[in-house]
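A structural walkthrough
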Amino acid sequence: MAKKVAVIGAGVSGLISLKCCVDEGLEPTCFEKTEDIGGVWRFKEKVEDGRASIYQSVVTNTSKEMSCFSDFPMPEDFPNFLHNSKLLEYFRIFAKKFDLLKYIQFQTTVLSVRKCPDFSSSGQWKVVTQSNGKEQSAVFDAVMVCTGHHFLPHIPLKSFPGIERFKGQYFHSRQYKHPDGFEGKRILVIGMGNSGSDIAVELSKNAAQVFISTRHGTWVMSRVSEDGYPWDSVFHTRFRSMLRNVLPRTVVKWMIEQQMNRWFNHENYGLEPQNKYIMKEPVLNDDVPSRLLCGAIKVKSTVKELTETSAIFEDGTVEENIDVIIFATGYSFSFPFLEDSLVKVENNMVSLYKYIFPAHLEKSTFACIGLIQPLGSIFPTAELQARWVTRVFKGLCHLPSERTMMMDIIKRNEKRIDLFGESQSQTLQTNYVDYLDELALEIGAKPDFCSLLFKDPKLAVRLFFGPCNSYQYRLAGPGQWDGARSAIFTQKQRILKPLKTRVLKDSSNFPVSFLLKMLGLVAVVVAFFCQLQWS
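Residues numbered from 1 in each chain as written. Predicted model: local features only at pLDDT ≥ 70, side-chain atom pairs only at ≥ 80, totals over all residues. Heavy atoms only, no water.

As a further point, take the sheet that holds strand β9 (residues 169-172). Taken in spatial order, the five strands line up as β9-β18-β10-β11-β14 in an open sheet, and their pairing is parallel. Each edge of the open sheet carries a strand with a single partner, namely β9 and β14 (297-300). Going across the sheet, the axis of each strand differs from the next one's by a mean of 20 degrees, ignoring polarity. Here helix α5 (residues 194-204) sits on the sheet in contact with β10 (186-190), β11 (209-213), β14 and β18 (324-327), set at roughly 165 degrees to β11. (Pairing = 2+ DSSP bridges. Helix = DSSP H or I, 4+ residues; strand = E, 2+ residues; numbered from the N terminus. Axes fitted to C-alpha atoms, helices over the stretch in contact; angles between N-to-C directions. Contact = heavy atoms within 4.5 Å.)

Rendered as structure tokens:
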């Protein structure tokens, strides 16, 4: 008999979890509290309690070739960075292609997930749900929580003395939908992550003035990288990831600073991060520097105090006649349907083995999918998590001892703090390529480069120097896809297709030479010996 799996949430993580369950011969049932799929990527004009919310203009920060699921490339005519409605269209095509909707119970809220009395032997869970006012319960062999972490707004009002006497309007960025109604206003956006920057830019086009307050500063990157290719297809290669891992930290820090300042000097714009050597997630926004140059946005330091109509900043400056304050201060974790002991949230941190499994359970039948913030696309990350989890549920993969898992959690957290800092926004941060390979290794889907160098050197070179996308994890192992190699070699075609809307005469561009590839290999050897010298 197939194991019954409860999948909670029909957003991105929920959809890919359903597919992975089906691929492994499991029997999933998905509970979705709203009337449709898509999760955070389905825009709605009205904010709903317990559901992620986005503004109308949201566009992805990761490109389509780096964000698609591993055996289902996005249509080649799709733009490289997708508006939320276009991404939702992809999810609908995906769900239809793999017939996933039949496993979803819509408008069904999960009230509780509890261990069965015989959990130590059965590993089963009792899931209580509510639909149309009626409660139901069912027993499942395993549970996958796919609710994400963008629905409980974090508004640290105690950190803003005087907020209680502020006469203007204030709200969390979760409430923001579009710029209508903010024309001619003087607006203060607190927090300079991706949402805060997007909202500040959008409002600055019609507002009287927009101020953006940042506590630590931030790096700002363009979506457009070398030769006009999407930033992540250039940044996330195995070669570059390897260099960042083997070169001395001082060299890596210098490289990061040089790379981030290549577009514009962040110090001149008042944006340079307080600790510029921490690999904090950069802001992806093509308009911020331009709006700063135009004076439509002004960068301010941390808010020290608020009065009835003004904001006083730590550097002593004051901005008068503030009409609106928008708190782009992130989110807190919440799992109201779980026992506190199951997924412990302390200091806004969740202790899970490889960000997925609670380490203390007697049976490995519970997992969180997508509860992570990689320096890359969340979609392939959640997919590899789900592929591993379903094989663990099926008994084909096994977790180590509780002690080993706890040691890994502690060590991983220490490394995360060293690389990304202790900011609340960085508690789920992880290196992209390293983490994907780590998950792929668990299921035997990591490409074998030594073997490929002899069997298929052209592919090996492409895997090492080209974009590290999800297709690479379908070349071998369980779930092998016959179209993976072709997808890897045709990705450039799909990147350029939506850009070539004007017919040009053929031009012969000299291809990247073999000499440059050899120089890259020499750099690898030099980096290795540098690492030995610094060890």
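The structure having been displayed, the exposition proceeds.
Further remarks concern the side chain of Thr-34. As for its position among the elements, Thr-34 is in the loop between β2 (27-31) and α2 (64-67). A residue is classified by how much of its surface remains accessible, and Thr-34, at 7% relative accessible area, is buried. There is a polar contact of 2.6 Å between the side chain of Thr-34 and the side chain of Glu-32. Among residues more than four places away in sequence, those in contact with Thr-34 are Arg-42, Glu-48, Arg-51, Phe-106 and Gln-107. (Buried < 20%, exposed > 50% of the residue type's maximum accessible area, 1.4 Å probe, protein only. Polar contact = N/O pair within 3.5 Å; in protein donor to acceptor, adjacent residues only side chain to side chain.)

This paragraph deals with the nonpolar core. Counting 95 residues, the largest nonpolar core has Tyr-90, Phe-91, Met-144, Ile-187, Phe-357 and Trp-388 as the members making the most contacts within it. Apart from residues no more than four positions distant in its own chain, Tyr-90 is found in contact with Cys-68, Phe-69, Phe-72, Pro-73, Met-74, Pro-75 and Phe-78. Of all hydrophobic cores here, the second largest spans 23 residues; its members include Val-113, Phe-335, Leu-361 and Phe-366. (Core = buried A, V, L, I, M, F, W, Y, C linked by side-chain atoms within 4.5 Å.)

Attention now moves to the pairing of strand β1 (residues 4-8). Looking along a regular strand, one sees side chains alternate from face to face of the sheet. In terms of residue burial, β1 counts as a mostly covered element, since four of its five residues are buried. Following the chain from β1 across helix α1 (residues 12-23) to the adjacent parallel β2, one finds a crossover that is right-handed. Sheet topology note: the β1/strand β7 (residues 142-145) ladder contains four bridges and is parallel. The residue of β7 that forms the bridge with Ala-6 is Val-143. (Right-handed = clockwise from strand over helix to strand, strands pointing away.)

So, about α5. By the criterion of burial, α5 is predominantly enclosed, with ten of the eleven residues buried. Within the span of α5, buried status applies to Asn-194, Gly-196, Ser-197, Asp-198, Ile-199, Ala-200, Val-201, Glu-202, Leu-203 and Ser-204. Packed against the buried residues of α5 are β10, β11, β13 (283-284), α9 (288-293), β14 and β18.

Right, let's talk about the pattern of salt bridges for a bit. Pairing between side chains of opposite charge can happen when their charged atoms approach one another. The full count for this structure, using the stated rule, is 27 salt bridges. The closest approach of N and O atoms between Arg-186 and Glu-319, which form a salt bridge, is 3.6 Å. Placement of the pair is Arg-186 in strand β10 and Glu-319 in strand β17 (residues 318-319), with a sequence separation of 133 residues. The class of Glu-319 is buried, set by a relative accessible area of 15%. The residue Asp-286 makes a salt bridge to Arg-223 at a minimum N-O spacing of 3.5 Å. (Salt bridge = Lys/Arg side-chain N within 4 Å of Asp/Glu carboxyl O.)

Pairing between the strands of a sheet is mediated by backbone hydrogen bonds and can be parallel or antiparallel. Here we have three strands laid out as an open sheet, ordered β15-β16-β17, and antiparallel in their pairing. Two strands in the sheet have a free side with no partner beyond their single neighbour: β15 (303-306) and β17. Here strand β16 (residues 311-313) pairs with β17 via two bridges, running antiparallel. Within β17, the residue paired with Ile-312 across the bridge is Val-318.

Moving on, we come to unusual backbone geometry. Located in the positive-phi region is Asn-132, a residue other than glycine, with phi close to 55 degrees. Inspection of the secondary structure puts Asn-132 in the loop between β5 (125-131) and β6 (134-140). The class of Asn-132 is exposed, set by a relative accessible area of 73%.

Taken as a whole, this structure holds 27 aromatic pairs when the rule is applied. Consider the rings of Phe-91 and Phe-379, whose centres lie 5.7 Å apart with planes at 85 degrees: the pair is edge-to-face. Here Phe-91, found in helix α3 (residues 84-97), pairs with Phe-379, found in helix α10 (residues 378-394); they are 288 residues apart in sequence, far enough to count as distant. Like Phe-379, Phe-91 is buried. Where Phe-171 meets Phe-182, the ring centres are 6.2 Å apart and the plane angle is 45 degrees; that geometry is what we call tilted. Residue Phe-171 is found in strand β9, and its partner Phe-182 is found in the loop between β9 and β10; the two are separated by eleven residues along the sequence. The exposure class assigned to Phe-171 is buried, which follows from its relative accessible area of 12%. An aromatic cluster of three or more residues is present, and its members are Trp-41, Phe-69, Phe-72, Tyr-90, Phe-91, Phe-94, Phe-98 and Phe-379. (Phe/Tyr/Trp six-rings, centres within 6.5 Å; stacked < 30°, edge-to-face > 60°.)

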